[in-house]
Protein chains: 2
Amino acid sequence: MNQRGTLTRQRIVEAAMAMLDESQDRQFSMRKLAAQLQVDPMALYHHHKNRHALMGEVMLALMAECEIPPATGDWRQDIRAICQAVRQLARRHPGSFRAFVVFEQWVPSEHRVNEALYTALLSAGFSKVATVRAVRLLIAYVESFAVDEITGWLEPLTREDRENLAADLSGGAFPATASLLETIVRPDADAEFVFGLDVLIAGLDGVRASA
Amino acid sequence: MNQRGTLTRQRIVEAAMAMLDESQDRQFSMRKLAAQLQVDPMALYHHHKNRHALMGEVMLALMAECEIPPATGDWRQDIRAICQAVRQLARRHPGSFRAFVVFEQWVPSEHRVNEALYTALLSAGFSKVATVRAVRLLIAYVESFAVDEITGWLEPLTREDRENLAADLSGGAFPATASLLETIVRPDADAEFVFGLDVLIAGLDGVRASA
DNA sequence: TACGCTTTCTCTACAGTGTAGAGGAAGCAT
DNA sequence: ATGCTTCCTCTACACTGTAGAGAAAGCGTA
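Given the structure is predicted, the values throughout are model-derived calculations rather than measurements.

Near DNA strand D lie 22 residues; those nearest to it are A:Asp40, A:Met42, A:Ala43, B:Asn50 and B:Arg51. Per element, the largest residue contribution to the surface near DNA strand D is three residues, and it comes from helix H2 (residues 30-36) of chain B. Residue composition of the surface near DNA strand D, grouped by class: eight nonpolar, eight polar and six charged.

On the chain B side, the residues contacting the 39 residues of chain A number 39 residues. Sorting the residues of the side of chain A that touches chain B by element identifies helix H6 (110-123), helix H7 (128-151), helix H9 (175-179), helix H10 (181-184) and helix H11 (189-210) of chain A as the ones contributing at least two each. Of the residues forming the side of chain A that touches chain B, the biggest block, 12 residues, is contributed by H7(A). Its residues assigned to classes, the side of chain A that touches chain B comprises 20 nonpolar, 11 polar and eight charged.

Now for the relation of the copies chain A and chain B. Its rotation angle being 180 degrees, the transformation that places chain A on chain B also includes 0.0 Å of axial translation and leaves an RMSD of 0.0 Å. The symmetry that links the two subunits is that of a two-fold axis. When C-alpha positions in chain A are compared against the rotation axis, the closest is assigned to A:Gly203, at 1.8 Å. When you check the interface residues of chain A against chain B, 100% turn up at the interface there too, and the contact is symmetric in its surfaces.

Cut-offs and rules
Throughout, residues of each chain are indexed from 1 in the direction in which the sequence is written. Lettering of chains starts at A and numbering of ligands starts at 1, both following the order in which they are written. Predicted model: local features are reported for residues with pLDDT of at least 70 only, side-chain atom pairs are reported and counted for 80 or more only, and whole-chain, interface and lining totals are derived from all residues. Should the C-beta atom of a residue, placed from the backbone, lie within 6 Å of a molecule or strand, that residue is near it. Secondary structure elements follow DSSP: runs of H or I of four or more residues count as helices, runs of E of two or more count as strands, with numbering from the N terminus. Residue type decides the class: Asp, Glu, Lys and Arg count as charged, Ala, Val, Leu, Ile, Met, Phe, Trp, Tyr, Cys and Pro as nonpolar, and the leftover types, Gly among them, as polar. A residue pair is marked as a contact if its C-beta atoms, positioned from the backbone, fall within 7 Å. To line up the copies, we fit them by least squares on C-alpha atoms, keeping just the residues with pLDDT of at least 70 in both.

As far as function goes, none of this settles anything; it's purely spatial.
Quick look at the structure:
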């Protein structure tokens, strides 16, 4: 039952990405992927050297899919748009994006995103050092936020989580936290993301002169 | 050969933390931990329900170890000091900190850190909503930075990585990135961390009035 | 001292993982 | 038809977490 020709590098990558994104709980495995493609596990290894290499391809495809808007000439606007694009990508591909953040290896298609950010900041008059640092800062923010969002930290707390939190705070050891309880349990993802962007852009604007 | 009494909840937690921190490459496993403690793997399960629960205990111990400096009355200074404390914790416990960031579950000893940040911001006059958002932003930054640092992204690039990067950029598709090459390959972790703090604090100062 | 009870550890076993190595079948070129 | 290459399968191994059944050590009570 050798069904030749059903597999392609690309088809495997797409299936892997879909599997990562769909299965929130049960995690990705080579064997499950093979099962879904109705193929022997080892068949995958003919197209990709190993799991890590396959993951690399998935990450490549993921970042390549990020829709970077054209530059407007307003660096603040451009940065907002680029960050929102990355966030949208994460929402569209939660599982893959998670894997990407933990991937710990350079993914070439990231260049596109970085280039857009570098361009915006350089054109705004930032020094080279400030630009490089600012981009890492922005990327760190967006990735962290996106992962938090995917994980559910920006949803209103469940009754259970809320009660656990209240119990933790009932001892009186954390008065500031306790006073913020109502705010903590009901976050607003969109507003919070914009808040972060506001802070970062205002801050960058502030250090632009002094850097 | 039943060596009774050698195991303790605490001893297991400490050994697990040490193993996470030391073994940079090869990853932690229950069996390896048991081997190191010279005990049958299943012995661990008498003291901790399962791997996840054990990890929870490790995270608890980790965050409890974070040395939060006393408040000075200057919120900017306090925030800097707290963030540096978290960064130092990450440097002292790279493996555990990594695991912590990916842990995806609430760790009670985090309260201490959050409380300190909440207190600083509330005392500076931030609104409740701004305070909660600012703290998530600060934590996101510090954790991201610390993980980058642990992973080695803030070390000067190796000759090999540098050549790969140069090759990627040689096509001319990323002129801004190419112009920053020399800056990118030689980062300065300490300065970069401070840069991020400067930006965040300046930015928070900026939105304080308007929020 | 002898009995049992509880606590702590071991042994065996199972389902899952990534993947090396050998072999088989399909298609193509000669 | 013959061989070559490409794609896939099968078997096997070392590894993972952990369920379930004991075994051994220490204790309390008789």
